[in-house]
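The lines below spell out each chain.
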Amino acid sequence: MADDDQVILLDFWVSLFGMRVRIALAEKEIKYEYRNEDLKNKSDLLLKMNPVNKKIPVLIHNGKPVCESLIIVQYIDEVWKDRSPFMPSDPYERAQARFWVDFIDKKVYLPSVRLATTKGEEQEAAKKEFFEVFEILEGELGDKPYFQGEAFGFVDILLSTYTCYFHTFETFGNFSMEVKFPKITAWTKRCMQRESVAKTLPDPKKMWEVVMERRKGLGLD
Amino acid sequence: MAEELSLLGMWASPFSCRVKIALKLKVVQYKYVEEDLFNKSPLLLKYNPIDKKVPVLVHNGNPLLESLVILEYIDETWQGYPIFPKDPYERAVARFWAKFIDDKLLPAIRRACWGEEKGREKAVEEATELLQLLEMELKEKRFFGGETIGLVDIVADTLSLWLTSFEEGSGVELMTREKFPKLSKWSHEFASTSAVKENLPPKDELTVFLKSLFGKPAK
């Protein structure tokens, strides 16, 4: 891709969905302009570029918008295909990667949110669901360095964004990720050695503060 | 090289239907296995232990799950008829509308047709607004894919026969010709395409089945 490509990312710093795109852009070493949106006062540009959902992240490439974080990550991979591929080349392995991306996208978010922002019975139920999902992921990762094998890829980009919340989950859920999910914990450390992940993910303590504010707002603590 | 290809599906499932349409467009032979969703086969439970759902495509012993993942696999594995656009930007747009249909429109339609009486009006309003967005996206094209059917058309299969059955079974009218002239025309053209026509389930049986599945007093 030419160096005079214009790439703008409309995003919000806390957004897990935005982080996926930021990691993808960093992996491909794409220069872009980052614009932080005020979600209570969305810009005209955001509303024009994503009239259907009005949500971030939106990637604007040479004036054309791409919406939905997973679609954006695939777009980035397909356009900047000359470097750091996110997907294997074999169609069956690609299908497996897409399956796990879909699984993580659908099954991790809600139990995570509930685990962090509820208490009592509701939290216990969320914790149970969270453990079930992560047990499946722990099994799927197995002894591989990354979910797709030797190379860091699409599935890793997606799941790694949750790692900045692990400390939060542990604290409010009262458990240890390392004890329950040792393989995922080792994988987390491996991902954090990648510049794209380390530079994109906020400090886990910051995420804890964000969730703490939310919990206070809900009257939990 | 003999290839083994089988599809575990269910006659009333629009998701299974998507895969049948795609395989037909690619002119690929396969063995179809009808699953009884109230009595799932050991084969289905073996190939999809997590969700236990159809469709499952099994290619040379390797299972593929999730209709959208399967559609992309079919497009990458067999040449011939293109299901996904070739251009990355057009692919992103097609994926966007496919996701819109599955994640937002279908749940809204289900709520409008089969949800609680109390929230019915609001649910119908929501589904109508979402259908309007799709009506606008179709513009003057014959199909979402242009002159021939593509990914979005296949994923929108639920909006042709299944929506008609939903409306007849529930008594709720959503996609009328007056409000949605483009989508109504598309629905008819889509269902008349040969790859689709021969893979659609019979309407009356489908209506009865969906009514028993979704209608009250089912829990």
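Residues numbered from 1 in each chain as written. Chains lettered and ligands numbered in written order. Predicted model: local features only at pLDDT ≥ 70, side-chain atom pairs only at ≥ 80, totals over all residues. Heavy atoms only, no water.

The name given to chain B in an unreviewed UniProt entry is glutathione transferase, and the organism recorded there is Carya illinoinensis. Its UniProt record gives chain B a comment under Sequence similarities (unreviewed entry), which states: "Belongs to the GST superfamily." (UniProt positions renumbered as here; feature names shortened; annotations may be inferred.)

Naming follows an unreviewed UniProt entry, where chain A appears as glutathione transferase of Carya illinoinensis. If you open the UniProt record of chain A and go to Catalytic activity (unreviewed entry), you find "RX + glutathione = an S-substituted glutathione + a halide anion + H(+)". Looking at the Sequence similarities (unreviewed entry) heading of the UniProt record, one finds this comment for chain A: "Belongs to the GST superfamily."

Caption draft 1: Expanded view of the pairing of strand β4 (residues 64-67) of chain A. Of the strand pairs in this sheet, strand β3 (residues 58-61) of chain A and β4 of chain A are connected by four bridges, and their pairing is antiparallel. Bridge assignment links Ile60 of chain A to a residue of β4 of chain A, and that residue is Pro65 of chain A. (Pairing = 2+ DSSP bridges. Helix = DSSP H or I, 4+ residues; strand = E, 2+ residues; numbered from the N terminus.)

Caption draft 2: Structural detail: the sheet that holds strand β2 (residues 33-36) of chain A. All names here are of chain A. Pairing is mixed in the open sheet, where four strands are placed in the order β2-β1-β3-β4. The two strands at the open ends of the sheet, each matched to only one other strand, are β2 and β4. On average, each strand axis in the sheet is tilted by 20° relative to the strand beside it, whichever way the strands run. In terms of strand pairing, strand β1 (residues 7-11) meets β3 through four bridges, oriented antiparallel. Paired with Leu9 across the strands is Leu59, a residue of β3. Set on the sheet, helix α1 (residues 16-27) makes contact with β1, β2 and β3; between it and β1 the angle comes to about 155°. (Axes fitted to C-alpha atoms, helices over the stretch in contact; angles between N-to-C directions. Contact = heavy atoms within 4.5 Å.)

Caption draft 3: Representation of the sheet that holds strand β1 (residues 5-9) of chain B within the structure. Residue and element names in this part refer to chain B. What the four strands build is an open sheet, ordered β2-β1-β3-β4; its pairing is mixed. The open sheet has two free edges, formed respectively by β2 (31-34) and β4 (62-65), since each of these has just one partner strand. Between one strand and the next, the sheet's axes are offset by a mean angle of 20°, whatever the strand orientation. Here β1 pairs with β2 via four bridges, running parallel. Residue pairing in the sheet places Leu7 in a bridge with Tyr32 of β2.

Caption draft 4: Spatial organisation of the environment of Ala151 of chain A. All names here are of chain A. Summarising the element assignment, Ala151 is placed in the loop between α6 (120-141) and α7 (154-160). Sequence spacing of Ala151 and Lys128 is 23 residues, and the spatial spacing of their C-alpha atoms is 31 Å. Excluding residues that lie within four positions of it along the chain, Ala151 makes contacts with Tyr146 and Asp156.

Caption draft 5: Main features of the domain arrangement of chain B. Residues and elements named next belong to chain B. Split by domain assignment, chain B resolves into domain 1 (5-77) and domain 2 (88-214). Put simply, the middle of domain 1 and the middle of domain 2, counted by C-alpha atoms, are 21 Å apart. Contact residues are listed per partner, giving 17 residues for domain 1 and 23 residues for domain 2. At the junction of domain 1 and domain 2, the tally comes to five salt bridges. One salt bridge in this structure joins Asp102 and Arg18, with 2.7 Å as the shortest N-O distance. Summed over the shared surface of domain 1 and domain 2, the number is seven residue pairs in polar contact (both at pLDDT 80 or more). (Domains from an automatic or database assignment. Salt bridge = Lys/Arg side-chain N within 4 Å of Asp/Glu carboxyl O. Polar contact = N/O pair within 3.5 Å; in protein donor to acceptor, adjacent residues only side chain to side chain.)

Caption draft 6: Seen up close, the interface of chain B and chain A. Taken together, the contacts link 23 residues of chain B with 24 residues of chain A. Regarding the contact of chain B and chain A, the summed buried area is about 2,200 Å², with carbon and sulfur atoms giving 65% of it. Contact with chain A buries area across many residues of chain B, yet Ile50, Tyr89 and Phe96 of chain B alone supply 28% of it, more than any other trio. There are eight salt bridges connecting chain B and chain A. Here Arg95 of chain B ties to Glu78 of chain A by a salt bridge, and the two come within 3.2 Å at their closest N and O atoms. Breaking the side of chain B that touches chain A down by element, the ones donating at least two residues are β4, α3 (67-77) and α4 (88-114) of chain B. Tallying contributions element by element places α4 of chain B first for the side of chain B that touches chain A, with ten residues. Taken together, the residues of the side of chain B that touches chain A break down into 13 nonpolar, two polar and eight charged. (Buried area = accessible area lost by both parts, 1.4 Å probe. Nonpolar A, V, L, I, M, F, W, Y, C, P; charged D, E, K, R; others polar.)

Caption draft 7: Inspection of unusual backbone geometry at higher detail. Along the chain, Ile56 of chain A connects to Pro57 of chain A via a cis peptide bond; the corresponding omega equals 0°. Inspection of the secondary structure puts Pro57 of chain A in the loop between α2 (44-49) and β3. For the bond running from Val54 of chain B to Pro55 of chain B, omega is 0°, close enough to zero to count as cis. If you trace the backbone, Pro55 of chain B turns up in the loop between α2 (42-47) and β3 (56-59). The backbone phi angle of Ser84 of chain A is positive, close to 40°, even though this residue is not glycine. By the secondary structure assignment, Ser84 of chain A is in the loop between α3 (69-79) and α4 (91-107).

Caption draft 8: Focus on the nonpolar core. The biggest cluster of nonpolar side chains holds 149 residues, and the ones touching the most others in it are Leu59, Ile76, Phe134 and Leu137 of chain A together with Leu57 of chain B. No other element matches the 15 residues that α4 of chain B contributes to this core. Both of domain 1 (5-77) and domain 2 (88-214) of chain B provide at least three residues apiece to this core. Discounting residues that sit within four places of it in the chain, Leu59 of chain A has contacts with Val7, Ile8, Leu9, Val21, Leu25, Lys64, Pro65, Val66, Ile72, Tyr75 and Ile76 of chain A. (Core = buried A, V, L, I, M, F, W, Y, C linked by side-chain atoms within 4.5 Å. Buried < 20%, exposed > 50% of the residue type's maximum accessible area, 1.4 Å probe, protein only.)

Caption draft 9: Molecular detail of the pattern of salt bridges. Inspection of every chain in the model, using the stated rule, returns 34 salt bridges over all chains. Between Lys99 of chain B and Asp105 of chain A there is a salt bridge, with the nearest N and O atoms lying 3.9 Å from each other. Here the residue Lys99 of chain B occupies a position in helix α4, and Asp105 of chain A occupies one in helix α4, the pair thus bridging two chains. Two residues, Arg18 of chain B and Asp157 of chain B, come together in a salt bridge whose shortest N-O distance is 3.5 Å. With Arg18 of chain B in helix α1 (residues 14-25) and Asp157 of chain B in the loop between α6 (151-155) and α7 (161-170), this residue pair connects regions lying 139 residues apart in the sequence. Residue Arg18 of chain B is classed as buried on the basis of its relative accessible area, which comes to 0%. You can call Asp157 of chain B buried: its relative accessible area is 0%. Residues joined by salt bridges that share partners form a network here, namely Glu78, Arg94 and Arg98 of chain A together with Glu72, Glu76, Arg91 and Arg95 of chain B.

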